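Given next are the chains, with one letter for each unit.
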Amino acid sequence: AAGEDVRAGRVVLRQGVVIRPQEVGMMASAGRVAASVIRRPRVAILATGDEVADPGEPLAPGQIRNINSYTVAAEVAAYGAEPLLLGIARDQREQLVAKIRQGLEAGADLFVTSGGVSVGDFDLVKDVLAAEGRIDFWWVNMKPGKPMAFGTINNSPLLALPGNPVAAMLSFALFGWPAIYKLLGRADWRWPSVTAALRDGVARKDDRRHYLRVRLCETADGLVAELTGDQGSGILTSMVEADGVAVIPEDCDHLPPGAPVQVLLLR
């Protein structure tokens, strides 16, 4: 019957809503042939370091695979943005500056680098960022992921991630995802989470907030979180086997078995 779904004058779609198949159908139902939308932001992704080699290239002694470009690109796509892969910048200031400018010329709305933000002789990213733009903060009280920087370069935000693969993935999830949602005009960026009981106790050796990779098991007593083995920031299998990351607050140095924890779900 006329008006049984939508009556005259009713607002059916509001600014900031994600356009899913049902929203497309509603626009068609209302007779609309076009709508103003926010385009997907372009995220330039750059790995740094002489020790990094792309998949398919032979590994020289002391080299590692370029994992971060591809994990971050997959995260960028999953969060609704468009990844722009810029390859690898070697440990030369001129090459790093050239790669950053290449990303800016490609119209990057957000720039993401990995590696080069610690305190080594060849950790150039933060120095280039300070010289070419502005650093807003460097180092975050979290583990993994402490050596991370954020700033702007040519008025474009730049997120400089740590080099270890798990640290890079978690840092981008915690900081890059909200940035992408902000660029998309979305406000629902809060990470979905559940409360679970730790199967094993954990102890912390420093005052950082820890993110522990866990698998979730449903038991007769409720949801249980079990560590996925070695929690090193270079152990990518711990992410592959994880359902989420358990948050150990910075003011808590020990949690016994059975203690409740917040688990941020990996999607």
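The structure under discussion appears in the preceding block.
What this report covers is the structure whose coordinates are included nearby. (Residues numbered from 1 in each chain as written. Predicted model: local features only at pLDDT ≥ 70, side-chain atom pairs only at ≥ 80, totals over all residues. Heavy atoms only, no water.)

1. A word on the side chain of Lys99
And then number 1: Within the secondary structure, Lys99 is located in helix H3 (residues 93-105).
And then number 2: In this structure Lys99 is buried but unpaired, with Asp54 as the nearest side chain of opposite charge at 8.4 Å.
And then number 3: Within the local environment of Lys99, its side chain forms a polar contact with the backbone oxygen of Leu86, the two atoms lying 2.8 Å apart. (Helix = DSSP H or I, 4+ residues; strand = E, 2+ residues; numbered from the N terminus. Buried < 20%, exposed > 50% of the residue type's maximum accessible area, 1.4 Å probe, protein only. Lys, Arg positive; Asp, Glu negative; His and termini not counted. Salt bridge = Lys/Arg side-chain N within 4 Å of Asp/Glu carboxyl O. Polar contact = N/O pair within 3.5 Å; in protein donor to acceptor, adjacent residues only side chain to side chain.)

2. Some points on the layout of surface pockets
And then number 1: By volume, the largest pocket amounts to about 760 Å³.
And then number 2: Lining the largest pocket we find 26 residues, and of these Val17, Val18, Ile19, Ser36 and Val37 sit closest to its centre.
And then number 3: Here the lining of the largest pocket is built from residues that sort into 16 nonpolar, five polar and five charged. (1 Å grid on protein atoms, 1.4 Å probe; cavity = no way out; pocket = protein on both sides within 12 Å on 5 of 7 lines; lining within 4 Å. Points joined across faces, edges and corners; volume = space filled by probe spheres on them. Nonpolar A, V, L, I, M, F, W, Y, C, P; charged D, E, K, R; others polar.)

3. A short note on the packing of aromatic side chains
And then number 1: All chains considered together, the criterion is met by seven aromatic pairs.
And then number 2: With centroids separated by 5.6 Å and ring planes inclined at 20°, the aromatic side chains of Tyr79 and Trp177 adopt a geometry described as stacked. Of this pair, Tyr79 sits in the loop between helix H2 (68-78) and strand S4 (82-89) while Trp177 sits in helix H5 (residues 165-183), and the two are 98 residues apart along the sequence.
And then number 3: With relative accessibility at 2%, the residue Trp177 sits in the buried group.
And then number 4: Both rings, one in Trp177 and one in Tyr181, keep their centres 5.5 Å apart while their planes meet at 85°; by these two values the pair is edge-to-face. Placement of both Trp177 and Tyr181 in helix H5 is noted, with a separation of four residues, approximately one turn of the helix.
And then number 5: The class of Tyr181 is buried, set by a relative accessible area of 7%.
And then number 6: By the ring-pair criterion, three or more aromatic residues cluster together here, those being Tyr79, Phe172, Trp177, Tyr181 and Trp191. (Phe/Tyr/Trp six-rings, centres within 6.5 Å; stacked < 30°, edge-to-face > 60°.)

4. Re unusual backbone geometry
And then number 1: At the junction of Lys143 and Pro144, the peptide bond is cis and its omega measures out at -5° in the coordinates.
And then number 2: Residue position: Pro144 is located in the loop between strand S7 (142-143) and strand S8 (149-153).
And then number 3: For Trp139, which is not a glycine, the phi torsion comes out positive at approximately 80°.
And then number 4: Checked against the element boundaries, Trp139 lands in the loop between strand S6 (134-138) and S7.
And then number 5: One non-glycine residue, Asn154, lies in positive phi territory at about 55°.
And then number 6: When you line up the elements, Asn154 lands in the loop between S8 and strand S9 (156-161).

5. Some details on the sheet that holds S9
And then number 1: Spatially, S4-S1-S5-S9-S8-S6 is the arrangement adopted by the six strands of the open sheet, whose pairing is mixed. If you trace the sheet from one side to the other, it starts and ends with S4 and S6, each paired once. Between one strand axis and the next, the sheet turns by 20° as a mean value, whatever way the strands run.
And then number 2: Relative to S9, S8 runs antiparallel, the two being bridged by five bridges. (Pairing = 2+ DSSP bridges. Axes fitted to C-alpha atoms, helices over the stretch in contact; angles between N-to-C directions.)

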